[in-house]
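Topology and contacts: notes
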Amino acid sequence: MAELHTWGGLLFGWLLFAIFVTGTVSYFRDEISLWMRPEIGQLTAPSTDVAADAALRQLGDTGSGARRWMIDLPSDRTPVTSALVLRDPRTGPAAKRLTLDPNSGAPVNARNTAGGDFLYYFHFDLYMPQRFGRYLTCTAAVVMLVAFISGVITHRRIFKDFFTFRPRKGQRSWLDAHNAFGVLALPFHVMIAYTGLITLLPLYLPWGIEAMYPDGRQKFVVEMFDDATPRKAVNVAAPLTPIAPLLTVASAEWNGGTAGRIVIDNPGDQAATIRLVRQDSERISHAVQSMLFDGTTGALIAKTPATGPAAEARGIFHGLHLARFSDIWLRWMFFISGIVGCAMIATGLVLWAAKRRRNRATVGHKIVDALNATSIIGLPIAIAAYFLCNRLLSASSPERTVWEVGCFFVIWLVAGLHAAARPQCAAWREQLWIAVALFAAIPLVNAITTERGLPASLMSGDWVFVGFDLTALATAALFAISAAYHARRGEVAA
């Protein structure tokens, strides 16, 4: 059990740290996306039917010739309407994204950005092609569950040692910290690893699906996600039915629930359909609930059937993992628990190096030291650079998204090369102070490049921007404390 815990934790620890950091940050995915589009002001979201009607009017004027409209309605966390217009590639751009004012439907001229979506998707697909990243993430989640079980078995006094911390005792201090962080949020850690596996279950355990759906996965996808193949257009023009009555019908069906997404196939055609999808923040389960209407008559075509116990269990596990049902206070609890998980992994990696510090002359131990610094400090540096890049690039640049993501990976690579080239002690010291400088610079650069700096945001009650800037300053302070401690001790794993 000890060997399993030690080597499984080491070999997958760097990957797990990256998954945990980006996943934890993704609890505020919507808020990050808002901060990275400062042109979106403090809008007040209207009722669902007002926002839907305004969006449809705008798309009717600018979205003719489309084969599908996908409209994400505003919510408490996202005050704007987002629309995706899909066309036949032979008639123009295959896809066009629009950000709309929820009250008037007018386009909001906001900068292009990967926003919080990049960090969210990175935490489970690692920005890798052909699902390779998802397979890696699944493997890491299995290893993490094994590490939890083997860790509890190995540390028989783990709960007693939770109340023990011996500072300035070298590797004993790192072990105490590792035990404390591991026990402090152990239920959360187990839940997040297990539910993460459940969300990707069809990917790595496909044989049951293949046995039940021998003709292919299309029917499974339709039943699982309630997304049937759209009707073919008949090329006969017809106006869309008013949306408000359909929203009322859906709300009654969902016991007062509201629609979060509207999907319209063949808009402006007699074969148009309107699919209303329930807002996923209204309940724990992430199982899809939707209703399909005829787009011209408003007649109900189909609705999501009653969910079976297995599908509902999966929906609840998926919902627990995403935590979209949580209010702001519960979301902060999830975030703090995620930070504790990051600290648990980081202290475990440092502990491995501390226990073997006399052997650091070997190539293997030098590689571990470099990877530790690259992961534990280099990744936060890359995230800070990603945020700063959003502010320093021209707001009108058409390739902003590519540059933002490219900046993240380039800075992370540079941090890795720096950690490999410099002595271990110097690498940690220098990267810690770089992290301090970059995170402290975020509120300053934001104040210089926008009109929504920290003082202005405090006076106007712009709490998303206030929270983001204060979190950046708190992160800088945390790295500054770590840098000061490192300067006194002289070696991170002493």
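That block above? That's the structure.
Attention in this report is confined to the structure presented alongside it.

Cut-offs and rules
- Residues numbered from 1 in each chain as written.
- Predicted model: local features only at pLDDT ≥ 70, side-chain atom pairs only at ≥ 80, totals over all residues.
- Heavy atoms only, no water.
- Salt bridge = Lys/Arg side-chain N within 4 Å of Asp/Glu carboxyl O.
- Helix = DSSP H or I, 4+ residues; strand = E, 2+ residues; numbered from the N terminus.
- Buried < 20%, exposed > 50% of the residue type's maximum accessible area, 1.4 Å probe, protein only.
- 1 Å grid on protein atoms, 1.4 Å probe; cavity = no way out; pocket = protein on both sides within 12 Å on 5 of 7 lines; lining within 4 Å.
- Points joined across faces, edges and corners; volume = space filled by probe spheres on them.
- Nonpolar A, V, L, I, M, F, W, Y, C, P; charged D, E, K, R; others polar.
- Contact = heavy atoms within 4.5 Å.
- Axes fitted to C-alpha atoms, helices over the stretch in contact; angles between N-to-C directions.
- Parallel < 35°, antiparallel > 145°, perpendicular 65-115°, else oblique.
- Left-handed = near helix turned anticlockwise from the far one by under 90°.

1. Focus: the pattern of salt bridges
- Overall, the coordinates contain 15 salt bridges when judged by the stated rule.
- Here Glu 31 and Arg 77 are joined by a salt bridge, their closest N and O atoms 2.7 Å apart. Here Glu 31, found in helix H2 (residues 29–35), pairs with Arg 77, found in the loop between strand E1 (66–72) and strand E2 (81–87); they are 46 residues apart in sequence, far enough to count as distant. Here Glu 31 matches Arg 77 in class, with each residue buried.
- Between Asp 53 and Arg 57 there is a salt bridge, and its shortest N-O distance comes to 2.6 Å. Taken together, the positions of Asp 53 and Arg 57, both in helix H3 (residues 48–62) and 4 residues apart, correspond to about one turn of that helix.
- Look at the salt bridges and you will find they share partners, linking Asp 30, Glu 31, Arg 77 and Arg 331 into a network.

2. Side note on empty space enclosed by the protein
- One pass over the structure, following the stated rule, counts 1 cavity of 30 Å³ or more.
- In this model, the largest cavity occupies a volume close to 40 Å³.
- In terms of lining, the largest cavity is formed by Asp 280, Arg 283, Ile 284, His 286, Gly 319, Leu 322, Ala 323, Arg 324 and Phe 325.
- Of the residues in the lining of the largest cavity, the class split is 4 nonpolar, 2 polar and 3 charged.

3. Overview of the environment of Gly 9
- Looking at the secondary structure, you find Gly 9 in helix H1 (residues 2–25).
- Separated by 138 residues in sequence, Gly 9 and Ala 147 place their C-alpha atoms 6.4 Å apart.
- Beyond its immediate chain neighbours, meaning those up to four positions away, Gly 9 contacts Leu 4 and Leu 349.

4. Section: unusual backbone geometry
- Positive phi, close to 60 degrees, is recorded for Asn 235, a residue that is not glycine.
- By the element assignment, Asn 235 lies in the loop between helix H11 (218–225) and helix H12 (244–253).

5. Section: the packing of helix H4 (residues 115–125) against helix H15 (residues 363–392)
- Interhelical geometry of H4 versus H15 gives an angle of 155 degrees and a closest axis separation of 11 Å. Our classification of the angle between H4 and H15 gives roughly antiparallel. Handedness of the crossing formed by H4 with H15: right-handed. Contacts between H4 and H15 pair Gly 115, Phe 118 and Leu 119 from the former with Ile 383, Tyr 386 and Phe 387 from the latter.
- Per-class residue counts for the contact of H4 with H15 are 5 nonpolar, 1 polar and no charged.

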